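Observations on the model geometry
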Amino acid sequence: MADPVLSLSGITRDFGPFRAVNDVSLDILPGTITGLIGPNGAGKTTLFNVLSGMLPPTAGQVRLMGQDVTGLSPDKLFALGLGRTFQIPRPFARMSVLENVMLAPMAQIGESLSGPFLRAGAMRAQEEAIRARAFDVLDFVTLGALADHAAGQISGGQMKLLELARVLMGDPQVILLDEPAAGVNPTLTNVLIEKIEELNRAGKTFVIIEHDMDFVMQHCDPVIALAEGRVVFQGTPAEAQANPVLLDAYLGTMADD
Ligand code: ADP
Ligand code: MG
């Protein structure tokens, strides 16, 4: 079996006395699209926050492509090949769609290029390269025509595609998507699915939190269920659908969201 691209061992995250994620151990294999399901409050987003460096775990270890990355910042993880999108996108509303995408790698590049020795010419060349890549990435997610629009003016579904574009600026190996289809119309959801599958065929690994069971059952394998911070199921979509406990206890409750 291939080495996991992402490996969690004993990940726990407390908020004061409350344990939001409880001793989660998982291996994510390269080239998979994992569906992460579970009722509201199960700890899915908190787990993503720990994986992407937004929150340190209370206990446990995260390994990315074999390297211990526990506690590294989101910028460092992005540079190492891990990208994530947010459940609720928060673009810089008054900046253009293009500028929002260009900002994604700026933090890293700014770090390596800053300092007294940086020449203005080198910086302009760098900015042009980033702009060209941002246009390519926007075309890929079908937002090319909206490049000059204010990011606050585009639809919720387009914002989800913008989030994906920002992630793709880093050329990540592992992409975490937090409820990509929530509140998105079917047309844009289909665009999103098409793009996920295209990227997956090119070798990218995905972990996707999603409440839409049709989405999960059709496009994700394996399926992992969290409840009260713990992994309560791991298997194929067919196994998930044949699991009465899972159906009653978790899939059923999600229909009410
Ligand atoms: P999910 O994404 O599965 O709906 P979350 O990870 O957002 O669940 O939340 C899991 C639990 O942790 C919830 O009870 C939530 O209220 C709590 N929680 C999440 N973030 C925080 C925080 N920053 N401070 C305190 N409690 C939090
Ligand atoms: Mg969530």
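The notes below deal with the structure included here.

1. What to know about the sheet that holds strand β10 (residues 230–235)
Here six strands make up an open sheet; going across it, the order is β6-β7-β8-β3-β9-β10 and the pairing mixed. Strand pairing shows two members of the sheet lacking a second neighbour, β6 (82–84) and β10, which therefore form its edges. Here the strands of the sheet are splayed against their neighbours by 20° on average, with no regard to which way each runs. Where helix α6 (residues 186–201) meets the sheet, its contacts fall on β3 (33–37), β7 (174–178) and β8 (205–209), and the angle it forms with β8 comes to roughly 150°.

2. Examining the coordination of the magnesium ion (ligand 2)
Around the magnesium ion (ligand 2), the donor atoms from the protein are T45 (OG1) and Q87 (OE1), and they sit 2.1 to 2.4 Å away. Here the residue T45 occupies a position in helix α1 (residues 44–51), and Q87 occupies one in the loop between β6 and α3 (97–113), the gap between them amounting to 42 residues. For T45, a relative accessible area of 26% corresponds to the partly exposed category.

3. Thoughts on the site of ligand 1
Taken together, the neighbourhood of ligand 1 is formed by F15, F18, A20, P39, N40, G41, A42, G43, K44, T45 and T46. A distance of 2.8 Å separates an oxygen atom of ligand 1 from a polar side-chain atom of K44. Residue T46 places a side-chain N or O atom 2.6 Å away from an oxygen atom belonging to ligand 1. For ligand 1, whose accessible area on its own is 560 Å², the fraction buried by protein is 59%. Tallying contributions element by element places α1 first for the shell around ligand 1, with three residues.

4. Quick notes on the sheet that holds strand β5 (residues 67–68)
Spatial ordering of the open sheet is given by β2-β1-β4-β5, a layout of four strands whose pairing is antiparallel. The strands lining the two open edges of the sheet, one partner per strand, are β2 (18–28) and β5. The strands touched by α1 are β1 (6–15), β2 and β4 (59–64); relative to β1, the strand with the most contacts, the crossing angle is about 115°.

5. Description of the environment of E228
Of note, E228 is situated in the loop between β9 (223–227) and β10. Residue classification places E228 among the exposed residues on the basis of a relative accessible area of 73%. It is 30 Å that separates the C-alpha atoms of E228 and M159, two residues lying 69 residues apart in sequence. Apart from the residues within four sequence positions on either side, E228 is in contact with N22 and A42.

Conventions used here
- Residues numbered from 1 in each chain as written.
- Chains lettered and ligands numbered in written order.
- Predicted model: local features only at pLDDT ≥ 70, side-chain atom pairs only at ≥ 80, totals over all residues.
- Heavy atoms only, no water.
- Pairing = 2+ DSSP bridges.
- Helix = DSSP H or I, 4+ residues; strand = E, 2+ residues; numbered from the N terminus.
- Axes fitted to C-alpha atoms, helices over the stretch in contact; angles between N-to-C directions.
- Contact = heavy atoms within 4.5 Å.
- Donors = N, O, S within 2.8 Å, 3.2 Å for Na, K, Ca; no water.
- Buried < 20%, exposed > 50% of the residue type's maximum accessible area, 1.4 Å probe, protein only.
- Near = heavy atom within 4 Å.
- Polar contact = N/O pair within 3.5 Å; in protein donor to acceptor, adjacent residues only side chain to side chain.
- Areas by Shrake-Rupley, 256 points an atom, 1.4 Å probe, with all protein chains shown as cover.

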